[in-house]
Amino acid sequence: MSITREALGRDARSSSDVLRIASVPSGHVYVRHLSPAGGDDGVERLPDPHPDDPRRSAEQRWWPPVMLRPEWAETADVDVFHVQFGFDTCTADGLRELVGVLRRRGIPLVVTVHDLRNPHHADRREHDAQLDVLLPSADAVVTLTRGAASEIARRWGIEAVVVPHPHVVDLDLARALRERPSEGPWTVGLHVKSLRASMDPLAILPTLVEEVRATPDARLLVNGHRDVLADGGSRHDAGLAAYLRDAERRGDLELHVHDYLSDDDLWDYLARLDVSVLPYRFGTHSGWLEACRDLGTTVVVPDCGYFADQGPVLTYAMGEGRYDAASLRTALRTARTDPPPPADLDARARQRDEVATAHRELYRRLLR
């Protein structure tokens, strides 16, 4: 669709001008890495307004995203509006109102589909209704994998642009962590963090315990947040907590219960794992997977969603209403004997530049 600027009362920017992008949210690591590591590429992504005072920059706090408020879009000086994350704070009607503002002002809408199924929602209907508003209204749809693009084409008849996920961990830090001498036994990690609706760690824990117990010089390390595993936590899961405590007492695993990790602590933790197992019943893509690949940690993922399309990983059979323990045992044994190669960090650096170029050229095409 050709976009005019007449409703905004000013001409489209020339090819030499800086493009002002409302990228929601700009503070997310994925969005930050849509810019080249080397510096300015002619794209300015506006800082997230502070949720409590939209006149201030949010810095690290962007939730709930102010940019998705129709009243913010009504007056914002932007060339392109790019929705990435955070629209689950909006109703479908609220998104229609936002789209109406953008259409009236002649501002093109880009939507990147990270999630075709919201990992925080046990029921998919609300997320589907939101996508039913955003995707047909978008001037361009982007997604991360060919599998997701195929589903978008099947469900909405829209051809999505496939642009891979850039690196997550700073590449110099990733190199340094990879070069650190390995310590201790071969370590399988399961991170239950704040237990999204998509996660079912209890389904796979018996298999992990049995397989690691039978593997020489191996350990199972489980990390989780206090809100899930501590008594009185806001999202306490008594069954999971009891299982983990019992397994810890038997010596079947090491359990670490803590508050949210800083990025540096998270990268240090992931780099110390040999394998990270994702316990998802449903989902689409994973930034956790990308961080593990940056750090040289083998990732074992379920075959639901499009995790396996993101890069070389190992898979096991798991989805809603199904789980095959034998496939997880096979994946763990392969991770020990023949793991997939880690991401090439030089290639990751080049990929980031390519991803930045793809986005800049997409924005410019929409403004011609």
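This write-up is about the structure you can find in this document.

What counts, and where the lines are drawn
- Residues numbered from 1 in each chain as written.
- Predicted model: local features only at pLDDT ≥ 70, side-chain atom pairs only at ≥ 80, totals over all residues.
- Heavy atoms only, no water.
- Helix = DSSP H or I, 4+ residues; strand = E, 2+ residues; numbered from the N terminus.
- Buried < 20%, exposed > 50% of the residue type's maximum accessible area, 1.4 Å probe, protein only.
- Pairing = 2+ DSSP bridges.
- Axes fitted to C-alpha atoms, helices over the stretch in contact; angles between N-to-C directions.
- Contact = heavy atoms within 4.5 Å.
- Phe/Tyr/Trp six-rings, centres within 6.5 Å; stacked < 30°, edge-to-face > 60°.

This paragraph deals with unusual backbone geometry. The omega torsion across Val 24 and Pro 25 is -5°, close enough to zero to call that bond cis. With a phi close to 50°, Asp 217 is a non-glycine residue in the positive phi region. Among the structural elements, Asp 217 can be located in the loop between helix H7 (201-213) and strand E10 (218-225). Residue classification places Asp 217 among the exposed residues on the basis of a relative accessible area of 56%.

In space, the six strands of this open sheet follow the order E11-E10-E9-E12-E13-E14, with parallel pairing throughout. Of all the strands in the sheet, just strand E11 (254-258) and strand E14 (314-316) have a single pairing partner and so form its edges. Adjacent strand axes in the sheet meet at a mean angle of 25° when their direction is disregarded. Examined bridge by bridge, E10 and E11 share five bridges and lie parallel to one another. What sits directly across from Val 222, in E11, is Leu 255. Sitting on the sheet, helix H12 (residues 325-337) is in contact with strand E9 (186-193), E10, strand E12 (275-277), strand E13 (298-302) and E14, with an inclination near 165° to E14.

We now examine the environment of Ser 198. Within the secondary structure layout, Ser 198 lies in the loop between E9 and H7. In the structure, Ser 198 is positioned 73 residues away from Arg 125 in sequence and 15 Å away in space, judged by C-alpha atoms.

Tallied over the entire structure, the rule returns three aromatic pairs. Centroid distance Tyr 280 to Phe 307: 5.6 Å. Interplanar angle 45°. Geometry classified as tilted. Highlighted residues: Tyr 280 in the loop between E12 and helix H11 (287-295) and Phe 307 in the loop between E13 and E14, separated in sequence by 27 residues. A ring pair is formed by Tyr 316 and Tyr 323, whose centres lie 6.3 Å apart and whose planes are at 85°; its orientation type is edge-to-face.

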